[in-house]
Amino acid sequence: MTDITTREPHALAATLRPQGYGRKRPDSIADPLIEPIWPGVRVFASVTPRSGAFWVDGESIDDHPELATALAREIRGPIGDGAVFDGYLTKQTVTGGVGVRGWTPEVPTFTGQMSRMLIGGRRNLDAAEKQREADLAAITFDDDDVVNLVVVDLLWLDGQWLLDVPLLERKRVLDSILPSGPLVRPGPFVRPPIGSWIGSWRAQGFRGLTFKAANSRYRPGEVADDWAQADMPRR
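By convention here, each chain's residues receive numbers from 1 onward along its written sequence. Totals for whole chains, interfaces and linings use all residues, but because this is a predicted model, local features are given only for residues with pLDDT of at least 70 and pairs of side-chain atoms are given and counted only at 80 or more. No hydrogens and no water enter the side-chain calculation; it runs on all heavy atoms of the structure.

Undergrad: Explain the packing of aromatic side chains here, please?
TA: The description of an aromatic ring pair rests on the distance of the ring centres and on the angle between the ring planes. Between 30 and 60 degrees the pair is tilted, below 30 it is stacked and above 60 it is edge-to-face, where a pair is any two Phe, Tyr or Trp rings, Trp via its six-membered ring, whose centres lie within 6.5 Å. Inspection of the entire model under this criterion finds four aromatic pairs. Ring geometry for Tyr218 against Trp227: centres 5.9 Å apart, planes inclined by 75°, an arrangement best described as edge-to-face. A residue is classified by how much of its surface remains accessible, and Trp227, at 0% relative accessible area, is buried. By way of ring pairs, the aromatic residues Tyr21, Tyr218 and Trp227 are connected into one cluster. When the ring centre of Trp227 is taken as origin, the NZ or CZ atom of Lys212, which lies over that ring, is 4.4 Å away. Only protein chains enter the accessibility calculation, which uses a 1.4 Å probe; a residue is then buried when its area is under 20% of its type maximum, exposed when over 50%, and partly exposed in between. Only Lys NZ and Arg CZ are tested; either one counts as a charge over a ring when it is within 6 Å of the ring centre and within 35 degrees of the ring normal.

Structure representation (structure tokens):
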């Protein structure tokens, strides 16, 4: 997959499949970079000095030309032949206040706990249904929705694969070439301790966290033992 010799980023992006998350406990990930889990559609984004494009499972996504144009326009500095990113098309944003809200399970009161016992888990069924509805809504884009591109990784730049470059360095290069704009932005990440971030991300509707080793590499289509996901802490 990654030995293609073409220097055309759109052709390269069409060959890629995302790296998946392993099953290790998040606290076992060495020196993690921690990000919110983005609701939406995971895509590979490719850009040349003239155009941008989005890809899912090798298929071009043509529904968001304004985002493709914004990606090509907002790249900072020379990128040579172009770049390929891992990211998300999403309606979610990170702001100083409350953003687009997803559904978050409520912490039941004592009476609620007793009711749950009596009704045989009906609330759990309702919770699962609400989560399915929220997941479907996150990947359904209506004509009047404001859709953003959030970029979380940089995989290829000006003719060079960066798959063997440590994640932290890939993110530093990403931040140097892609500023945070109104439609296209790098995704935020933090390092432990993260207590001050949990409440903000929870309030903005995020339901989970990713933990990626700062030294991790990117293996398209494989599962990474040094990447993990976790539910958002309630408190």
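Undergrad: What's the story with the sheet that holds strand β2 (residues 32-36) in this structure? I'm lost.
TA: The strands that make up a sheet are held in pairs by hydrogen bonds between backbone atoms, and each pair lies either parallel or antiparallel. Strands are labelled as partners when DSSP assigns at least two bridges between them. Numbered from the N terminus, helices here are DSSP runs of H or I no shorter than four residues, and strands are runs of E no shorter than two. On the basis of which strands lie adjacent, the open sheet formed by three strands has the order β2-β10-β12 and antiparallel pairing. Two strands in the sheet have a free side with no partner beyond their single neighbour: β2 and β12 (227-231). This sheet shows a mean twist of 25° between the axes of neighbouring strands, independent of strand direction. Sheet topology note: the strand β10 (residues 208-213)/β12 ladder contains five bridges and is antiparallel. Bridging from a neighbouring strand, Thr210 pairs with Gln229 of β12. The contact definition used throughout considers only heavy atoms, calling two residues in contact when any of these lie within 4.5 Å. In this analysis, axes come from line fits to C-alpha atoms, helices being fitted only over the stretch in contact, and the angle between any two N-to-C directions falls in the range 0 to 180 degrees. Contacts between helix α5 (residues 167-177) and the sheet are confined to β2, β10 and β12, with β2 contributing the most and set at about 55° to the helix.

Undergrad: Hey, could you run me through the pattern of salt bridges in this one?
TA: Between side chains of opposite charge, a pair can form when the charged atoms approach closely. The working definition used for a salt bridge is a side-chain nitrogen of Lys or Arg within 4 Å of a carboxyl oxygen of Asp or Glu. Here the structure, examined in full by the defined rule, presents ten salt bridges. Put simply, Arg42 and Asp86 hold a salt bridge, and the shortest N to O gap is 2.7 Å. Placement of Arg42 in strand β3 (residues 41-47) and of Asp86 in strand β6 (residues 83-90) is noted, with a sequence separation of 44 residues between them. Asp86 sits in the buried class, given a relative accessible area of 1%. Between Arg219 and Asp164 there is a salt bridge whose closest N-O contact spans 2.6 Å. Of the two residues, Arg219 is situated in the loop between β10 and β11 (223-224) and Asp164 in the loop between β8 (160-161) and α5; the sequence distance between them amounts to 55 residues. On the basis of relative accessibility, which here comes to 33%, the residue Arg219 falls in the partly exposed class. Look at the salt bridges and you will find they share partners, linking Glu35, Lys171 and Lys212 into a network.

Undergrad: Just checking my understanding: could you explain the nonpolar core for this structure?
TA: Across soluble globular proteins, nonpolar side chains have a tendency to be buried as a group. Nine residue types can take part in a nonpolar core, namely buried Ala, Val, Leu, Ile, Met, Phe, Trp, Tyr and Cys, and a core is a set of them joined through side-chain atoms within 4.5 Å. If you look at the biggest cluster of nonpolar residues, it comprises 30 residues, and the most contacted ones within it are Ile34, Phe44, Trp201 and Leu209. When contributions to this core are tallied by element, the ones reaching two or more residues are α1 (9-13), β4 (52-56), β6, β7 (148-157), α6 (195-203), β10 and β12. Per element, the largest residue contribution to this core is four residues, and it comes from β7. Setting aside residues up to four positions removed in sequence, Ile34 forms contacts with Pro188, Phe189, Val190, Pro192, Ile194, Trp201, Leu209, Thr210 and Phe211. Judged by nonpolar contacts, the second largest core, of 24 residues, contains Val47, Leu89, Val147 and Ile177.

Undergrad: Is there a simple way to explain the pairing of β7 in this structure?
TA: Every regular strand shows the same layout, with side chains that alternate between the two sheet faces. Along β7, ten of the ten residues are buried, which leaves the element largely enclosed by surrounding structure. With eight bridges connecting them, β6 and β7 associate as antiparallel partners. The partner of Tyr88 across the bridge, within β7, is Val150. Pairing of β7 with strand β9 (residues 184-186), which is carried by three bridges, proceeds in the parallel orientation. The residue of β9 that forms the bridge with Val151 is Pro186. As defined by bridge partners, β7 adjoins β8 across two bridges and the pair is classed as antiparallel. Each bridged residue has a counterpart across the sheet, and for Trp156 the counterpart in β8 is Trp161.

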